[in-house]
Amino acid sequence: MTSVIDVSPSTKSISGGSMSAGLNLYLGIIDPQVIELQKFLNKNGFTVASSGPGSLGNETSMFGRATKSALIRFQKANNIQPAIGFYGPQTRAKVDSLK
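What you see is a predicted model; the values in this text were computed from it and never measured. Residue positions are given per chain, counting from 1 as you read along its sequence in written order. Local features in this predicted model are restricted to residues of pLDDT 70 or higher, and side-chain atom pairs are both shown and tallied only at a pLDDT of 80 or more, whereas totals for entire chains, interfaces and linings draw on every residue. Heavy atoms throughout the structure, all of them, feed into the side-chain values; hydrogens and water do not.

Take the overall build of the chain next. Counting from the N terminus, the helices are DSSP H or I runs at least four residues long and the strands are E runs at least two residues long. Within the chain, the regular secondary structure consists of three helices and two strands. Counting from the amino terminus, the chain carries its helices and strands in the arrangement β-β-α-α-α. In this scheme, a residue with accessible area under 20% of its type's maximum is buried, one over 50% is exposed, and one in between is partly exposed, where area comes from a 1.4 Å probe on protein chains only. Counting the 99 residues in the chain, one finds 40% classified as buried. By definition, residues are in contact when any of their heavy atoms lie within 4.5 Å. Put simply, of all contacts in the chain between residues at least 6 apart along the chain, 44% involve residues at least 24 apart.

Printed below as a string of structure tokens:
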């Protein structure tokens, strides 16, 4: 089975910060937009970390294992398949619907 991913860029916001809606975020990427994703997850009950880097107020630009884990929990809770911790079109659409 082959999946098609739309990577066309546009500008939107996850949690009040600027976010390029077309930018896919995934394990290992370092980008300021990861901060906005972590803020969204932390503020919506999908804690990235309870303290230190990634925790509420200490969000970082690094998409590490903790961000992936929190994103997978968000995806499972919202019936996004596959729930693999990849921030792409399906997850982005759900995040946009919750704003």
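Let us keep going from here.
Let's shift gears to the packing of aromatic side chains. Stacked, edge-to-face and tilted are the three classes for Phe, Tyr and Trp ring pairs, Trp counted by its six-membered ring, which pair at centre distances within 6.5 Å; planes under 30 degrees apart are stacked, over 60 edge-to-face, the rest tilted. The full count for this structure, using the stated rule, is two aromatic pairs. Geometrically, the ring pair formed by Phe 40 and Phe 74 is edge-to-face, given 5.6 Å between the ring centres and 85° between the ring planes. On the criterion of sequence distance, the pair formed by Phe 40 in helix H1 (residues 32–43) and Phe 74 in helix H2 (residues 65–77) is long-range, its members being 34 residues apart. Classification of Phe 40 as buried rests on a relative accessible area of 4%. The exposure class of Phe 74 is buried, given its relative accessible area of 1%.

All right, on to the pattern of salt bridges then. Think of it this way: side chains of opposite charge can pair up when their charged atoms draw near. One side-chain nitrogen of Lys or Arg within 4 Å of one carboxyl oxygen of Asp or Glu is enough to make a salt bridge. Throughout the structure, instances matching the rule amount to two salt bridges. A salt bridge links Glu 36 to Lys 39; its shortest N-O distance comes to 3.9 Å. Of the two residues, Glu 36 and Lys 39 are both situated in helix H1; the distance of three residues between them amounts to about one turn of the helix. Judged by relative accessible area, which is 27%, Lys 39 ranks as partly exposed. In this structure, Asp 96 engages Lys 99 in a salt bridge whose closest nitrogen and oxygen atoms are separated by 2.9 Å. Residue Asp 96 is classed as partly exposed on the basis of its relative accessible area of 24%.

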